[in-house]
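# Topology and contacts: notes
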Amino acid sequence: MLMGAGLKRAEHKRGEIVSAARTQFLREGYRDAGMEVVARAASVSTATLYAYFPSKADLFKVVVLETARDIAAPVRESIRVKGDARTRLLAFANAYATFLTRPVTRAMIRLVMAEHRRFDDVAEYFLQGARDELGGAAISMINDLVQTGEIAVDKPSWAAGQLMGMLDHVTLVLGLSAGDETLTRRPLADICDDAVETFLARYATT
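Okay, so let's go over this structure. Note that the structure is predicted; figures quoted are calculated from it, not measured.

## Section: unusual backbone geometry
- Within the chain, S43 stands out as a residue other than glycine whose phi angle is a positive 60 degrees.
- Relative to the elements of secondary structure, S43 occurs in the loop between helix 2 (35-41) and helix 3 (46-52).

## With respect to helix 4 (residues 56-78)
- The end-to-end C-alpha distance of helix 4, which contains 23 residues, comes to 34 Å, matching closely the 33 Å that a straight helix rising 1.5 Å per residue would cover.
- Within helix 4, the axis deviates most sharply at A72, by approximately 40 degrees, and proline P74 lies no more than four positions further along.

## Things to note about the packing of helix 8 (residues 156-168) against helix 10 (residues 188-203)
- Look at helix 8 against helix 10: their axes get within 9 Å of each other, and the N-to-C directions meet at 155 degrees. For the element pair helix 8 / helix 10, the angle class is roughly antiparallel. The element helix 8 and its partner helix 10 pack so that their crossing is right-handed. Counted together, A159, Q162, L163, M166 and L167 of helix 8 and I191, C192, A195, T198, F199, R202 and Y203 of helix 10 form the full contact between these two elements.

## Side note on the side chain of T101
- Looking at the element boundaries, T101 is found in helix 5 (residues 85-101).
- Under the relative-accessibility criterion, T101 is labelled buried at 9%.
- Within the structure, T101 has its side chain in polar contact with the backbone oxygen of T98 (distance 3.0 Å).

## Remarks on the environment of R110
- Counting through the fold element by element, R110 comes out in helix 6 (residues 103-114).
- C-alpha separation for the pair R110 and G136, spaced 26 residues apart in sequence, amounts to 23 Å.

## Remarks on helix 8
- Across its 13 residues, helix 8 extends 18 Å between first and last C-alpha, which sits within 8% of the 18 Å expected from 1.5 Å per residue.
- Those residues of helix 8 that fall on the buried side of the exposure criterion are P156, A159, A160, L163, M164 and L167. The buried residues of helix 8 all sit within an arc of 125 degrees when viewed along its axis, so they share a single face.

Conventions and cut-offs
Residues numbered from 1 in each chain as written. Predicted model: local features only at pLDDT ≥ 70, side-chain atom pairs only at ≥ 80, totals over all residues. Heavy atoms only, no water. Helix = DSSP H or I, 4+ residues; strand = E, 2+ residues; numbered from the N terminus. Expected span 1.5 Å × (residues − 1). Bend = angle between axes of the 7 residues up to and from the residue. Axes fitted to C-alpha atoms, helices over the stretch in contact; angles between N-to-C directions. Parallel < 35°, antiparallel > 145°, perpendicular 65-115°, else oblique. Left-handed = near helix turned anticlockwise from the far one by under 90°. Contact = heavy atoms within 4.5 Å. Buried < 20%, exposed > 50% of the residue type's maximum accessible area, 1.4 Å probe, protein only. Polar contact = N/O pair within 3.5 Å; in protein donor to acceptor, adjacent residues only side chain to side chain. Arc of directions from axis to C-beta.

The values reported here are purely geometric and, on their own, carry no functional implication.
Structure representation (structure tokens):
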């Protein structure tokens with residue numbers, strides 16, 4: 001029992017450190033983010049911080065990888081939605097578009113791109129891995145819809161790319177060019193509806 005309680009405290013403390021570090025890295029960038037500031041924000045000593053993460057580089061890698069996992073989770077979960085093709089495609093489209101418009105998503109992409117020379121392995125994982133993971137979710141859903149006979153697709157990966165591309169252009173690209181907090185003038189629901197209708201117009205069997 002005591003060991004379990006100690007493990008939970010350690011996990012909680014680690015989570016506080018990662019959360020504080022994410023805030024600092026996104027606000028200050030890698031170079032200007034100080035470990036002492038992270039320690040204070042997480043309410044731990046600098047010695048404790050280094051006991052969990054031996055260097056700022058180690059902490060940065062964990063922040064990037066765990067943030068990528070956490071912010072993409074709703075998109076992965078969206079393909080579990082039950083229903084007809086339109087219902088499932090809309091669930092995915094809304095989750096994906098919301099993911100792309102979140103300031104933390106855009107800020108993390110900016111941060112990783114800015115540090116890609118210093119952390120090329122992390123940048124590759126974040127940018128390519130996230131693309132593969134999210135695209136993989138879309139491909140899995142599309143394959144399911146092919147199996148039910150609701151859509152006919154020769155190459156699910158192309159179809160997934162087309163659906164996601166219709167959402168990328170008006171959400172992520174806008175944010176990266178105009179600012180992390182910038183939203184489209186059109187409601188996301190309308191954008192997703194149009195993307196799904198265009199997709200179904202091309203691939204629906206009925």
